[in-house]
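# Fold and contact review
What follows is the residue order along each chain.
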Amino acid sequence: MRRRMPAAVIFDNDGLTLDTEHTWTRAESALYARYGTEFTLDHKREMLGTSGVKSALTMERHLGQPGRGDELRVELRELVHAELDGAGVEPMPGALELLAALRERAIPIGLATNSGREFATRALRAARIYDCFDAVVSAEDVEHPKPAPDVYLAAAAAVGADPGDCVALEDSETGVAAARAAGMTVIGVPSFPGIDLDAAHLVVPSLTDPRVWGLLGLERPVR
């Protein structure tokens, strides 16, 4: 397994860099309640990491609202933005420390997300880390969202790195599949219980795990 520094590190956003999965969950719970449905952990597992188009179809099925996927997406987006504006968002444990270490060593950093560009930008700015990234690529910027490799390939290109020399950080099965398809070394960090990330090259409980730093060729400061 890699011990030298990668050409670039590409982060997922929701649930990996930022604790926005709980933001999404609160909004999803509110939306489902509007339609008389309790939002469950099984619903969450099915939605985690999916693109807007796929999640819209899933919500149609969950809520018994065929053909209303686009309307449901608009409702959900409004609820999510209200959550961001009200409660804000925090980085995931270890994210700030890892970003700082990578920037100190001038390793290019990209972000590849299946969320829309408006949400990603809004969330990153709310957490005051937008400027930590050399490139931010959303599902809206490519032809095919995750699990296709497009967002990861585009992020690598944007930071001038060969995908095969990059490390990707992911919290969902969909994202791991996309990064693997792009030819990257993948670290899986599950954000919810019951998520199978065994397809990743390394699976750890959080970004603070020393194995993350070791695979990136970094030394974690001793505190």
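Refer to the structure presented above.
This report concerns the structure included in the present document. (Residues numbered from 1 in each chain as written. Predicted model: local features only at pLDDT ≥ 70, side-chain atom pairs only at ≥ 80, totals over all residues. Heavy atoms only, no water.)

## Looking at the packing of aromatic side chains
Put simply, the test is: A pair of aromatic rings is counted whenever rings of Phe, Tyr or Trp (Trp by its six-membered ring) have centres within 6.5 Å, and the orientation is called stacked for planes under 30 degrees apart, edge-to-face for over 60 and tilted otherwise. Note on conventions: DSSP H or I runs of at least 4 residues are helices, E runs of at least 2 residues are strands, and numbering of each starts at the N terminus. Between buried and exposed lies partly exposed: a residue is buried under 20% and exposed over 50% of the maximum accessible area for its type, with that area taken using a 1.4 Å probe on protein chains only. Comment: the charge-over-ring label is applied if NZ (Lys) or CZ (Arg) is within 6 Å of the ring centre and within 35 degrees of the ring normal.
Applying the stated criterion across every chain, the model contains three aromatic pairs. With centroids separated by 5.9 Å and ring planes inclined at 80 degrees, the aromatic side chains of Phe11 and Phe133 adopt a geometry described as edge-to-face. Separated by 122 residues along the polypeptide, Phe11 in strand E1 (residues 8–11) and Phe133 in the loop between helix H6 (117–126) and strand E3 (135–138) bring together distant segments of the chain. Considered together, Phe11 and Phe133 belong to a single accessibility category, that of buried residues. With centroids separated by 4.8 Å and ring planes inclined at 75 degrees, the aromatic side chains of Tyr32 and Phe39 adopt a geometry described as edge-to-face. Phe39 matches Tyr32 in its accessibility class, with the two residues each being buried. The ring centre of Tyr130 lies 4.1 Å from the NZ or CZ of Arg125, which sits over that ring.

## Looking at the side chain of Ser138
For the record, the criterion: Counted as a polar contact is a pair of N or O atoms within 3.5 Å, where, for protein atoms, one must be capable of donating a hydrogen and the other of accepting one, and residues adjacent in sequence contribute only when both atoms are in side chains. Two residues form a contact once any of their heavy atoms are found within 4.5 Å.
Considering the arrangement of structural elements, one finds Ser138 in strand E3. Of note is the side chain of Ser138, whose polar atom sits 3.4 Å from the backbone nitrogen of Arg117. Other than its neighbours up to four places away in sequence, Ser138 contacts Thr113, Ser115, Gly116, Arg117 and Val151.

## Side note on the pattern of salt bridges
Where charged atoms of side chains with opposite charge meet at close range, the side chains can pair. The cut-off we apply is this: Here a salt bridge means any side-chain nitrogen of Lys or Arg lying within 4 Å of a carboxyl oxygen belonging to Asp or Glu.
Tallied over the entire structure, the rule returns 14 salt bridges. For the salt bridge of Arg211 with Asp209, the shortest nitrogen-to-oxygen distance reads 2.8 Å. Accessibility expressed as a relative area gives 44% for Arg211, which makes it partly exposed. Each of Arg34, Arg68, Glu71 and Glu75 takes part in one network of salt bridges that share partners.

## Brief notes about the pairing of strand E4 (residues 166–170)
For clarity, the cut-off: One bridge is not enough; two strands pair if DSSP finds at least two bridges between them. Convention used here: a crossover is right-handed provided that the path from the first strand, over the helix, to the second strand proceeds clockwise when the strands point away from the viewer.
In terms of burial, E4 is largely enclosed, as five of its five residues are buried. Burial of the side chains of E4 extends over both faces: Cys166, Ala168 and Glu170 are buried on one face and Val167 and Leu169 on the other. The pairing of E1 with E4 spans four bridges and is classified as parallel. Bridge assignment links Ala8 to a residue of E4, and that residue is Cys166. Sheet analysis places E4 next to strand E5 (residues 185–188), joined by four bridges and oriented parallel. In the sheet register, Ala168 faces E5, and the bridge partner there is Val186. As for the winding sense of the linkage, the β-α-β connection from E4 through helix H8 (residues 173–181) to E5 is right-handed.

## Describing H6
By the burial criterion, the buried members of H6 are Phe119, Ala120, Thr121, Ala123 and Leu124. Next to the buried residues of H6 lie helix H1 (20–34), helix H4 (69–87), strand E2 (109–113) and E3. In the stretch just after H6, Arg128 is the one whose phi turns positive, near 60 degrees.

## Let's talk about unusual backbone geometry
Residue Lys146 is joined to Pro147 through a cis peptide bond whose omega torsion reads 20 degrees. Tracing the backbone through its elements, the reader meets Pro147 in the loop between E3 and helix H7 (150–158). Not every positive phi belongs to a glycine, and Ala106 is a case in point at roughly 60 degrees. Residue classification places Ala106 among the exposed residues on the basis of a relative accessible area of 63%. A positive phi angle, close to 60 degrees, is found at Arg128, a residue other than glycine. Of note, Arg128 is situated in the loop between H6 and E3.

## Section: the environment of Met59
Relative to the elements of secondary structure, Met59 occurs in helix H3 (residues 52–63). Given a relative accessible area of 0%, Met59 falls into the buried group. On a C-alpha basis, the gap between Met59 and Gly69 in space is 6.8 Å, while along the polypeptide they are ten residues apart. With near-sequence residues (within four places) excluded, Met59 lies in contact with Leu31, Tyr32, Met47, Gly64, Leu72, Arg73 and Leu76.

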